[in-house]
Amino acid sequence: MNDPRVRSFQISPGDLEAAQLDDLIREIEQKSLFYYQEKKKSLRARYIYGTIFLIINLCAWFIRDYAQKALTLLPHVSSCGPEGSHCFHTLGVLRVSIGCFIFFLIMFLSTWNTMKLHQAQNTWHSDNWSFKFLLLVSVMVASFFIPQLYIQIYGEIARVGAGIFLGLQLISVIEFITWWNNYWMPNNQSKQSCSFGFVMSIVFYIGSVCGIAVMYYFYVASTACALNIFFISLTVILLIIMMVMSLHSKVKSSLMSSGIMASYIVFLCWSAIRSEPSHTKCNAHTQNGHTDWITVLSFLIAIGAIVMATFSTGIDSESFSFQFRKDEAKEEDDIPYSYGFFHLVFSLGAMYFAMLFISWNLEQSARKWSMDVGWTSTWVKIVNEWFAAGIYLWKLIAPIVRQPRVHEQPQPTTTEVSR
């Protein structure tokens, strides 16, 4: 044991602990790098799915307006009926929609319980794009072989799904308004933020009032426009109620949140009135029936708005699950957003864009370069406006209604204290 060559190979306990510590640090760094790369892939995947959804929207528009002249093979498919009439226009949009719905429904069912980045579902969500592309093409092609009866049944179901999508989008908007309000008007410690919030409140209210004035000017040509007068006047009443409620001493809110919400419901009212048919006297100047550059630009903006609404609602899973997981801390290997909810929203978004392209009407095809025009579309948007105002007002008064009443306990007498 006195041989110096043997002593040179002996490792002290301190050196062994240091080596183990270095290995542990290296392992932690490798895991952190892996989680970082997986999160980056996951965040990038959102935009790929959004692009896919945009392309499908453009395909639905093409099938509705131009496929009858461009696609000569469809009339030979038995499920497409005589001269392919069951695969163009309204039914064509529904076929594209059901293909998109099935694809994102499969993605939802295969990723809904994903929690960690090292799970196989995470790789399925963020990678395997070649296989998913084949899956998407397969379901889109298969949708044109579905019998007409089932497509019409899907159209009825899509109305309900589109309504659910509007509800989710509305909750997401209200939660964003709440976050925006809390960010700019948190407390008295940040005078600059509060000042900015106050200025923005004034801007939003001025914008709302101007929007009301513009609608009265353009869409109330005479007293015969009773329906438009009713829509706009009720919107004014809702604005006043929201402003008064936000100023109430027991309501924990501010003029900024009510101002943003006021602008939102004014926008919904304007959008509803613009959806009135072109033959309506009170709306004739907004729908001239000609395909000019304004009509084309408006149509493309509308498609972009559909994609953005679906995308923003899909990534906003925290607005719908925070009450169930608000006490759980975020860990390093947690997924950055809920994959299941993301794909669920996109599947409902497939139903939603179908309703917009056919103007919620399963019987009559929409005019070229038009979207969401008709009395059904008008009433859907108006009801959505009223529903939005109702949810916001309930959100203001809910803490007061749910506040438990504190009953005063009787004070003990002197005799009871002495005992």
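Above this note sits the structure.
Here the structure is a predicted model, which means the values were calculated and not measured.

K.L.:
Mind showing me how you'd approach the packing of aromatic side chains here?
P.N.:
How two aromatic rings sit relative to each other is given by the distance of their centres and the angle of their planes. What the rule picks out here adds up to 26 aromatic pairs. Between F299 and F357, the ring centres sit 6.2 Å apart and the planes meet at 65°, which makes this aromatic pair edge-to-face. Here the residue F299 occupies a position in helix α11 (residues 293-314), and F357 occupies one in helix α13 (residues 339-357), the gap between them amounting to 58 residues. Here K132 stacks its cationic end above the ring of W124, 5.6 Å away from the centre of that ring.

K.L.:
Is there a simple way to explain the side chain of D334 in this structure?
P.N.:
Mapped onto the elements, D334 comes out in the loop between α12 (318-325) and α13. Side chain to side chain, D334 and K116 meet in a polar contact 2.6 Å long.

K.L.:
Help me understand the nonpolar core, please; the structure alone is not making it clear to me.
P.N.:
Nonpolar side chains in soluble globular proteins tend to be buried together. Among the nonpolar cores identified, the biggest contains 65 residues, and F53, I56, L94, F353, M355 and F357 are the most heavily contacted of them. Of all the secondary structure elements, the ones that give two or more residues to this core are α2 (13-65), α4 (89-111), α6 (129-142), α7 (148-184), α11 and α13. Excluding anything up to four places from it in sequence, F53 contacts C100, F104, I306, V307, T310, F346, G349, A350 and F353. Within the second largest apolar cluster, 32 residues are counted, among which are M200, F231, V251 and Y264.

K.L.:
It is not clear to me how the environment of K116 should be interpreted in this structure. Could you clarify?
P.N.:
Examined against the element boundaries, K116 turns out to sit in the loop between α4 and α5 (120-126). Sequence spacing of K116 and P336 is 220 residues, and the spatial spacing of their C-alpha atoms is 9.2 Å. With residues near it in sequence (within four places) discarded, K116 still touches N122, E331, D333, D334 and I335.

K.L.:
I would appreciate a short explanation of the environment of V77 in the present structure.
P.N.:
The residue V77 is located in the loop between α3 (67-70) and α4 in this model. Between the C-alpha atoms of V77 and F144, which are 67 residues apart in sequence, the distance is 8.1 Å. Among all residues touching V77, those that are not within four sequence positions of it are F144 and F145.

Criteria and cut-off values
Residues numbered from 1 in each chain as written. Predicted model: local features only at pLDDT ≥ 70, side-chain atom pairs only at ≥ 80, totals over all residues. Heavy atoms only, no water. Phe/Tyr/Trp six-rings, centres within 6.5 Å; stacked < 30°, edge-to-face > 60°. Helix = DSSP H or I, 4+ residues; strand = E, 2+ residues; numbered from the N terminus. Lys NZ or Arg CZ within 6 Å of the ring centre and 35° of its normal. Polar contact = N/O pair within 3.5 Å; in protein donor to acceptor, adjacent residues only side chain to side chain. Core = buried A, V, L, I, M, F, W, Y, C linked by side-chain atoms within 4.5 Å. Buried < 20%, exposed > 50% of the residue type's maximum accessible area, 1.4 Å probe, protein only. Contact = heavy atoms within 4.5 Å.

Take it as geometry only, folks, not as evidence of what the structure does.
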